[in-house]
Amino acid sequence: MDKDVKLILASNSPRRKELLKQITLEFLVVPSNYDEEFKRGMTPYGYVLSCAKGKALDVLNYLNYHSEYNKESHPFIIIAADTIVVTKDSKILLKPQNEKEAFNMLKELSNNWHRVSTAVCVKFNEKTLLKYKSSYVRFNEFEECDIMNYIKSGSPFDKAGGYGVQDEWIKARVARIDGSIDNIMGLPLKQTKKMLKEVLE
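Residues numbered from 1 in each chain as written. Predicted model: local features only at pLDDT ≥ 70, side-chain atom pairs only at ≥ 80, totals over all residues. Heavy atoms only, no water.

**What about the side chain of Ser-180?**
Rules: A run of H or I in DSSP counts as a helix once it spans at least four residues, and a run of E counts as a strand once it spans at least two, with each numbered from the N terminus. Accessibility here uses a 1.4 Å probe with only protein chains present; expressed as a share of the type maximum, an area under 20% marks a residue as buried, one over 50% as exposed, and anything in between as partly exposed. By definition, residues are in contact when any of their heavy atoms lie within 4.5 Å.
Tracing the backbone shows Ser-180 in the loop between strand E7 (174-178) and helix H6 (181-185). Assessed through its relative accessible area of 19%, Ser-180 is described here as buried. Setting aside anything within four residues of it in sequence, one finds Ser-180 in contact with Lys-133 and Ser-135.

**Focus on the nonpolar core**
We count it as follows: To define a nonpolar core, start from buried Ala, Val, Leu, Ile, Met, Phe, Trp, Tyr and Cys residues and group those joined through side-chain atoms within 4.5 Å.
One finds Val-85, Leu-106, Phe-139, Phe-142, Ile-147, Tyr-163 and Ile-170 to be the most contacted residues of the largest nonpolar core, which totals 20 residues. Secondary structure elements with two or more residues in this core: helix H3 (99-109), strand E6 (127-139), helix H4 (144-152) and helix H5 (168-171). Top element by residues in this core is H3. It accounts for five residues. Look past the residues within four positions of Ile-170 in its chain and what remains in contact with it is Phe-139, Phe-142, Tyr-150, Tyr-163, Gly-164 and Val-165.

**Focus: the pattern of salt bridges**
How we decide: Here, a salt bridge means any Lys or Arg side-chain nitrogen found within 4 Å of an Asp or Glu carboxyl oxygen.
A full pass over the atoms with the stated rule returns twelve salt bridges. For Lys-55, the salt bridge is made with Asp-82, and the minimal N-O distance between the two is 2.9 Å. You can see Lys-55 sitting in helix H2 (residues 44-64) and its partner Asp-82 sitting in strand E3 (residues 76-87), a full 27 residues away along the chain. Judged by relative accessible area, Asp-82 falls into the buried class, the value being 3%. Glu-99 serves as the salt-bridge partner of Lys-152, at 3.3 Å between the closest nitrogen and oxygen. A residue pair is termed long-range when its members are at least 10 positions apart, and Lys-152 in helix H4 and Glu-99 in helix H3 qualify at 53 residues. Connected through shared salt-bridge partners, Arg-15, Asp-158 and Lys-159 make up one network.

**Let's talk about the layout of surface pockets**
Condition: Buriedness for pockets is judged along seven lines, at least five of which must meet protein on both sides within 12 Å for an open set on the 1 Å grid over protein atoms alone, while cavities are sets there where a 1.4 Å probe fits but cannot get out, and lining residues have an atom within 4 Å of a point. Grid points are joined across faces, edges and corners, and a volume is the space filled by probe spheres set on the points.
The space that makes up the largest pocket amounts to roughly 450 Å³. Sorting the residues of the lining of the largest pocket by element identifies helix H1 (14-20), E3 and H6 as the ones contributing at least two each. Broken down by element, the residue count for the lining of the largest pocket peaks at four residues, all from E3.

**Section: the environment of Met-148**
Note on placement: Met-148 falls in helix H4. Taking relative accessible area as the criterion, Met-148 reaches 29% and is therefore assigned partly exposed. Along the sequence, Met-148 and Leu-28 sit 120 residues apart, while their C-alpha atoms lie 36 Å from each other. Setting aside residues up to four positions removed in sequence, Met-148 forms contacts with Glu-99 and Phe-103.

**Describing the packing of aromatic side chains**
The condition is simple: Any two of the Phe, Tyr and Trp rings considered here, Trp counted by its six-membered ring, make a pair once their centres fall within 6.5 Å; the pair's planes then place it as stacked at under 30 degrees, edge-to-face at over 60, or tilted in between.
Tallied over the full model, the rule gives five aromatic pairs. Between Tyr-45 and Tyr-132, the ring centres sit 4.4 Å apart and the planes meet at 20 degrees, which makes this aromatic pair stacked. Placement of the pair is Tyr-45 in helix H2 and Tyr-132 in strand E6, with a sequence separation of 87 residues. Tyr-132 sits in the partly exposed class, given a relative accessible area of 37%.

Quick look at the structure:
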């Protein structure tokens, strides 16, 4: 990538930051304040795509109104992403807001397959690329007492579906994964790298 082009990650997610470091040496973090409210009638894919695009546009608007980000001297590429978990019954699981929601989500995922979809939006000048990728996960059965201990760790509350696939408790209970684990963590690296290359062409 041209050294004069600044890369902006529109997320404060520790997982996305660690993943992005695997494909680039340097980037700035400007978290999005986009409202991720789910609107009735939206499909899972429609929702996750609209959130990724909304985050990118929100950060673009922020950058345009703050002088320290001078687009004329340093053009920037914005990467935004959003992840959802969809149960086998097509129910969307977002980030749990309390312990009860986290418990119910994990109980629903216990001993079942589910789909994890991450949408990525890459924006550079007038170009906007928007794509999503899905992976599939099956968990073994969770014991209720173990679920409560995991919830007490605080890990479920900033993650779609109430879990992080990189967490030791979760890793020990994964029966099978079909697809890329980085997509489940929140940023499909192969797809993101391809999008970055494409947006600069």
